[in-house]
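Observations on the model geometry
Listed below, chain by chain, are the residues.
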Amino acid sequence: MTSQKLTMVTASKQPNEKTVAKNTISQAELRKMNPVQRARCLAYEQPKKEVATSLVLTNSRIREHTLKCLQETPQTMRDPEQEKQAKVVGQLKAAEARNRIRLMRFRFQCMRAQELNNLISCQPTARDAIRLEALLPRRPITVSPQVSLDRFQQERVEILLEDDRELLISRIH
């Protein structure tokens, strides 16, 4: 590894000006370095005139674009109906996405269960099939939260819950 020689050069004698590091490494030594070392050495170099002008132009275009965007935002205010409609459309799209994910998850679980059943059934002996079935993780059984009450029973429960004075459940002795 070659030793890097950097000398500090000041542009003028004013105290506010920054010191600039100047490479004294030759072009041949730079070519021999790997790209990381070369980038580290050249990081302290002043950019060439073309690069500096393109940087100035790019920064000015970015400033103009941000100012233009800031000026356009107050003009694009929508009325409340459009905002409500956009919100409903967003909710519909989110519901569709949730449904797609749910269906994809269901398909995956079904394919996984079929593949496990196929693996178990393709075993050469019943003992191997039982061992494999015992070792494989089972598909979790999900119990759906369905209400076991019929319509009449549900109405009766709702009436009892709405009774604030407990007239329907208190017994007279």
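None of the values given here were measured: they were computed from a predicted structure.

1. Considering the overall build of the chain
Per the secondary structure count, the chain includes six helices and two strands. From first element to last, N terminus to C terminus, the chain shows the α and β order β-β-α-α-α-α-α-α. Put simply, 16% of the contacts in the chain that link residues at least 6 apart link residues at least 24 apart. Looking at the chain as shown, the accessible area adds up to about 16,700 Å², and 57% of this sits on carbon and sulfur atoms.

2. Points about the confidence of the model for the chain
This prediction gives the chain a mean pLDDT of 80; 77% of its residues lie at or above 70. The secondary structure element of the chain with the lowest average pLDDT is strand 1 (residues 6-10), at 46, and the one with the highest is helix 4 (residues 80-121), at 92. Throughout residues 6-13 the model reports pLDDT below 50, and contacts reaching past four residues in sequence, or to other chains, amount to 16 contacts.

3. Digging into the pattern of salt bridges
Tallying each qualifying case throughout the model produces one salt bridge. Between Arg 151 and Glu 155 there is a salt bridge, with its nearest N and O atoms 3.2 Å apart. One end of the pair is Arg 151 and the other is Glu 155, both in helix 6 (residues 151-162) and four residues apart, which spans about a single turn. For Glu 155, a relative accessible area of 37% gives the class partly exposed.

4. Focus on the side chain of Asp 163
Checked against the element boundaries, Asp 163 lands in the segment after helix 6. Discounting chain neighbours no more than four positions away, the residues touching Asp 163 are Leu 168 and Ile 169.

5. Side note on a nonpolar patch on the surface
A cluster of nonpolar residues, Ile 159, Leu 160, Leu 168 and Ile 169, forms a patch on the protein surface that exposes about 340 Å² of accessible area. Note that Leu 160 resides in helix 6.

Basis of the calculations
Residues numbered from 1 in each chain as written. Predicted model: local features only at pLDDT ≥ 70, side-chain atom pairs only at ≥ 80, totals over all residues. Heavy atoms only, no water. Helix = DSSP H or I, 4+ residues; strand = E, 2+ residues; numbered from the N terminus. Contact = heavy atoms within 4.5 Å. Areas by Shrake-Rupley, 256 points an atom, 1.4 Å probe, with all protein chains shown as cover. pLDDT = per-residue confidence, 0-100. Salt bridge = Lys/Arg side-chain N within 4 Å of Asp/Glu carboxyl O. Buried < 20%, exposed > 50% of the residue type's maximum accessible area, 1.4 Å probe, protein only. Patch = residues over 30% accessible without salt bridge, like charges linked within 9 Å, V, L, I, M, F, W, Y side chains within 5 Å.

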